[in-house]
Amino acid sequence: MSPLIIMVAPNGARRNQLDHHGLPITIAQTVLAAAACQGAGASVLHGHIRDEQGRHSLDIGLYKELIAEMAIGVPDMLVQITTEAVGQYTTQEQMQLVTTLQPKMASVALRELVPNSASEVQAKYFFHWALEAQVHLQIIVYDSADVDHLTKLRLSGVLPKEINCVLYVLGRYRQNLCAEATDLDDFLRSKNEDTWFTCAFGQQEHACMTRAIDQGGHARVGFENNLWLSSGELAPSNDTLVAQVATYARSQGQHVANAKEAQLILGVRD
């Protein structure tokens, strides 16, 4: 059984401290949350940044600051930036963030970067550039149609076969954004990736994670998608959600990866 990678998404683009007082908004708060989550078993931070008004941002300068502060405060944790549009950013702006910043890791939503056939030429250039620049991309998919689209792009050469880390998002289109563990099955029926993660909206997040772990996947948890413990209680902090997953994995005899092990598994550059 290979080591389990736990990624934490402590804030996301939409929630704020009215949703949970412990949700990190500032870079300093995000770094503190990341340190606590690392102690609980997380090896990767899925990092969102906010502007001065607390709104979602893809500002390059703020991302540079987050990466620099993480290198000081939590140097043994990997940092993955997001390119999520949230209805604010164009495909070109999303790609420009990555090509300018050249981070070690970034997540990209397939349907945002390649929404139609007309966008494939630009997407092909970007994906092949990322491979050459050694920017580890994680492709986000929301349903089985996205998985089919991913397969098509890989077969046509738009997406290099070497870019094979995927995040399956469960519950995005369920009523009240509440995923169920069986939602994973549609993704697994057509998956063609060596390395895959799962995240899940709503209070069944932990049940979704245990199913993913049992099927050989990695886990992403945190306040971006869920605020609740498996007991039904409000989670005190992001690290309690991480600890649940780490405890389950270890109970199944699985080793929880540290950052260096996660780096080797994912093929992230030094």
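Predicted, not measured: the structure shown is a model, and the values here were computed from it.

Would you explain helix α8 (residues 205-214) in this entry?
With 7 of 10 residues buried, α8 is to be regarded as a mostly interior element. Of the positions making up α8, those classed as buried are Glu-205, His-206, Cys-208, Met-209, Thr-210, Ala-212 and Ile-213. For α8, the secondary structure elements touched by its buried residues are β8 (165-170), α7 (184-190), β9 (195-200), β10 (218-221) and α9 (238-251). Residue Gly-216 follows α8 closely and has a positive phi angle near 95°.

How should the packing of α8 against α9 be read in this particular structure?
A pair of packed helices can be characterised by two numbers: the angle between their axes and the separation between those axes. Look at α8 against α9: their axes get within 10 Å of each other, and the N-to-C directions meet at 35°. The hand of the α8/α9 crossing is right-handed. Between α8 and α9, the contacting residues are Glu-205, His-206, Met-209, Thr-210, Ile-213 and Asp-214 on the first element and Leu-241, Gln-244, Val-245 and Tyr-248 on the second. A breakdown of the residues in the contact of α8 with α9 according to their chemical character gives 5 nonpolar, 3 polar and 2 charged.

How should the packing of aromatic side chains be read in this particular structure?
By convention here, two paired aromatic rings are described through the distance between centres and the angle between planes. Applying the stated criterion across every chain, the model contains 4 aromatic pairs. A ring pair is formed by Phe-126 and Trp-129, whose centres lie 6.2 Å apart and whose planes are at 25°; its orientation type is stacked. Separated by 3 residues within a single helix, Phe-126 and Trp-129 lie in helix α5 (residues 120-133), roughly one turn from each other. Phe-126 gets classed as buried once you look at its relative accessible area, which sits at 3%. Here Tyr-168 and Phe-187 contribute two aromatic rings whose centre-to-centre distance is 4.9 Å and whose plane-to-plane angle is 35°, an arrangement assigned as tilted.

Looking at this structure, how should I read the sheet that holds β9?
Pairing between sheet strands relies on hydrogen bonds along the backbone, with the strands arranged either parallel or antiparallel. Taken together, the 8 strands give a closed barrel; going around it, the order is β1-β2-β5-β6-β7-β8-β9-β10, and neighbouring strands pair in parallel fashion. Taking the axes of each pair of neighbouring strands and ignoring which way they run, one obtains an average angle of 25° across the sheet. Pairing of β8 with β9 involves 6 bridges; the strand directions are parallel. Residue pairing across strands places Cys-165 opposite Thr-195, the latter belonging to β9. Contacts between helix α2 (residues 60-73) and the sheet are confined to β2 (44-47) and β5 (78-82), with β5 contributing the most and set at about 165° to the helix.

How should the pattern of salt bridges be read in this particular structure?
Side-chain pairs of opposite charge can arise where the charged atoms are in close proximity. Evaluated as defined, the whole model comprises 11 salt bridges. A salt bridge links Arg-55 to Asp-51; the shortest N-O distance between them is 3.0 Å. Residue Lys-161 pairs with Glu-162 through a salt bridge whose shortest N-O separation is 3.3 Å. When its relative accessible area of 62% is taken as the criterion, Lys-161 is described as exposed. Classification of Glu-162 as partly exposed rests on a relative accessible area of 44%. Several salt bridges converge on common partners, so that one network encompasses Arg-111, Asp-143 and Asp-146.

Whenever I open this one, the environment of Asp-51 confuses me. Can you help?
Tracing the backbone through its elements, the reader meets Asp-51 in the loop between β3 (49-50) and β4 (56-57). The sequence separation of Asp-51 and Ile-25 amounts to 26 residues, and the corresponding C-alpha distance is 9.0 Å. Sequence-distant contacts of Asp-51, that is, excluding residues within four places in its chain, are made with Ser-57 and Leu-62. Among the polar contacts listed, one links the side chain of Asp-51 to the backbone nitrogen of Gln-53, at a separation of 2.9 Å.

What should I look at first to understand the environment of Gln-215 in this one?
Mapped onto the elements, Gln-215 comes out in the loop between α8 and β10. For the pair Gln-215 and Glu-112, spaced 103 residues apart in sequence, the C-alpha separation works out to 28 Å. Sequence-distant contacts of Gln-215, defined by excluding residues within four places in its chain, comprise Leu-188 and Trp-196.

I would appreciate a short explanation of the nonpolar core in the present structure.
Counting 71 residues, the largest nonpolar core has Ile-6, Met-70, Phe-126, Phe-127, Leu-137, Ile-139 and Tyr-168 as the members making the most contacts within it. When residues of this core are assigned to their parent elements, the largest contribution, 6 residues, is made by α9. If sequence neighbours within four positions are ignored, Phe-127 has contacts with Val-108, Leu-113, Val-114, Leu-137, Ile-139, Val-158, Leu-159, Pro-160 and Ile-163. Grouped together as the second largest cluster of nonpolar side chains are 19 residues, Ala-109, Cys-199, Phe-201 and Leu-266 included.

So what exactly am I meant to see when it comes to unusual backbone geometry here?
Most of the time, phi is negative for any residue but glycine, and the peptide bond is trans. Of note, the phi angle at Val-86 is positive, near 50°, even though the residue is not glycine. If you trace the backbone, Val-86 turns up in the loop between β5 and α3 (91-101). Its identity as a non-glycine residue notwithstanding, Gln-134 has a phi of 60°, on the positive side. Here Gln-134 shows up in the loop between α5 and β7 (136-141). Note on Gln-134: relative accessible area 52%, which makes it exposed.

Rules and cut-offs
- Residues numbered from 1 in each chain as written.
- Predicted model: local features only at pLDDT ≥ 70, side-chain atom pairs only at ≥ 80, totals over all residues.
- Heavy atoms only, no water.
- Buried < 20%, exposed > 50% of the residue type's maximum accessible area, 1.4 Å probe, protein only.
- Helix = DSSP H or I, 4+ residues; strand = E, 2+ residues; numbered from the N terminus.
- Contact = heavy atoms within 4.5 Å.
- Axes fitted to C-alpha atoms, helices over the stretch in contact; angles between N-to-C directions.
- Left-handed = near helix turned anticlockwise from the far one by under 90°.
- Nonpolar A, V, L, I, M, F, W, Y, C, P; charged D, E, K, R; others polar.
- Phe/Tyr/Trp six-rings, centres within 6.5 Å; stacked < 30°, edge-to-face > 60°.
- Pairing = 2+ DSSP bridges.
- Salt bridge = Lys/Arg side-chain N within 4 Å of Asp/Glu carboxyl O.
- Polar contact = N/O pair within 3.5 Å; in protein donor to acceptor, adjacent residues only side chain to side chain.
- Core = buried A, V, L, I, M, F, W, Y, C linked by side-chain atoms within 4.5 Å.

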